[in-house]
Amino acid sequence: VSPDEEGICSGKYFTEAGLVGLLEQAAASFSMAGMYEAVNEVYKVLIPIHEANRDAKKLSTIHGKLQEAFSKIVHQDGKRMFGTYFRVGFYGTKFGDLDEQEFVYKEPAITKLAEISHRLEGFYGERFGEDVLEVIKDSNPVDKCKLDPNKAYIQITYVEPYFDTYEMKDRITYFDKNYNLRRFMYCTPFTLDGRAHGELHEQFKRKTILTTSHAFPYIKTRINVIHKEEIILTPIEVAIEDMQKKTQELAFATHQDPADPKMLQMVLQGSVGTTVNQGPLEVAQVFLLEIPNDPKLFRHHNKLRLCFKDFTKR
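Along each chain, residues carry numbers from 1 onward, in the same order as the chain's sequence is written. For this predicted model, a pLDDT threshold of at least 70 governs which residues receive local features, and a threshold of 80 or more governs which side-chain atom pairs are given and counted, while totals over whole chains, interfaces and linings are taken from all residues. To get the side-chain values, take all heavy atoms of the structure and skip hydrogens and water.

Under the annotation held in an unreviewed UniProt entry, the protein carries the name DOCK7 protein and is attributed to Rostratula benghalensis. Per UniProt, the comment on the protein under Sequence similarities (unreviewed entry) is "Belongs to the DOCK family." UniProt positions are given in the numbering used here, feature names are shortened, and annotations may be inferred rather than shown by experiment.

K.L.:
I'd love a proper account of the layout of surface pockets, names of residues and values included.
P.N.:
Space inside and on the surface of the protein is sampled on a 1 Å grid over the protein atoms alone, with a cavity defined as a set of points where a 1.4 Å probe fits but cannot get out and a pocket as an open set with protein on both sides within 12 Å along at least 5 of 7 lines; lining residues have an atom within 4 Å of a point. Grid points are joined across faces, edges and corners, and a volume is the space filled by probe spheres set on the points. The volume enclosed by the largest pocket comes to roughly 2200 Å³. Together, 46 residues line the largest pocket, and E160, P161, M185, K245 and Q248 are the ones closest to its centre. Every helix listed is a DSSP run of H or I at least four residues long, and every strand listed is a run of E at least two residues long, numbered separately from the N terminus. Those elements that place two or more of their residues in the lining of the largest pocket are β1 (84–91), β4 (152–161), β5 (181–190), β6 (204–216), α5 (235–254) and α7 (280–287). Looking at the lining of the largest pocket element by element, the count peaks at twelve residues for α5. Here the residues of the lining of the largest pocket sort into 23 nonpolar, eleven polar and twelve charged. Considering only enclosed or pocket space, the second largest pocket measures out at about 330 Å³ in volume. Forming the boundary of the second largest pocket are 15 residues, of which F30, M35, K106, P217 and Y218 lie nearest the centre. Think of it as three bins: nonpolar holds Ala, Val, Leu, Ile, Met, Phe, Trp, Tyr, Cys and Pro, charged holds Asp, Glu, Lys and Arg, and polar takes everything else, Gly as well. The class makeup of the residues in the lining of the second largest pocket is ten nonpolar, three polar and two charged. When residues are assigned to domains, the lining of the second largest pocket turns out to be shared by domain 1 (16–76) and domain 2 (81–233), each giving three or more. Domain limits in this description derive from either an automatic procedure or a database domain assignment.

As structure tokens, this is what we get:
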């Protein structure tokens, strides 16, 4: 880091050897984390340095590690677990500056909601008292007017990385879909009469998209949410999403290599079994039996028909 105009340096000066050492540590850390694509990016910086120094021994070591990393990408792609994400909201004056703040937490792979809930409940319960802390069980928007001012509340929700359609063109590999993540989404089902779940024709869904101030993976395991966006899906739009999801599951099950008949049987049973409540058969009977009277629904009606066409092909 070079000094500014007044000669003050805000960082540290590194010798070449020190910089090389730090980069080698970074490559080793990425390798331990299973992020082999990032190992390649680090070595892209190191290789020119060793080439300039004519250090064939270190170049040989690096290329050996690169071969190992790429080999693991080929054989482990899709099997690596990069992390699980949760949205945590803090409510109550007892939290001080954290009041009404939301964070996305990155937890180790396959962390259950109960695990992080138990950990945070224990941590803040010890801090404020177990009788003072309360965990909000649902993911509905929190109305502060209905909360006890003498209590501290935590709301924990499982979230998934969210990508726009155009982003998916560049996020092809499993690594691409788990790296440089800034937007996350969670869904909340609701009906107009206040119930969470209802009949197909009355089932709405609220999709909440969160944007964090920095991208995961990051030096911290939690990052604050700086933007929130809500999208309300009507019942027919919910049905379209469900059908698209079922079609994707069928496509995945039929293209597995090696083939997995048990997985295919489970997916088929869930897709076309007549005993499955609110399955594709009922979706078709509810939304496609008649052409809707509202012209605004024509587009959704046609889209759902196309979804069924793709579904039957699968």
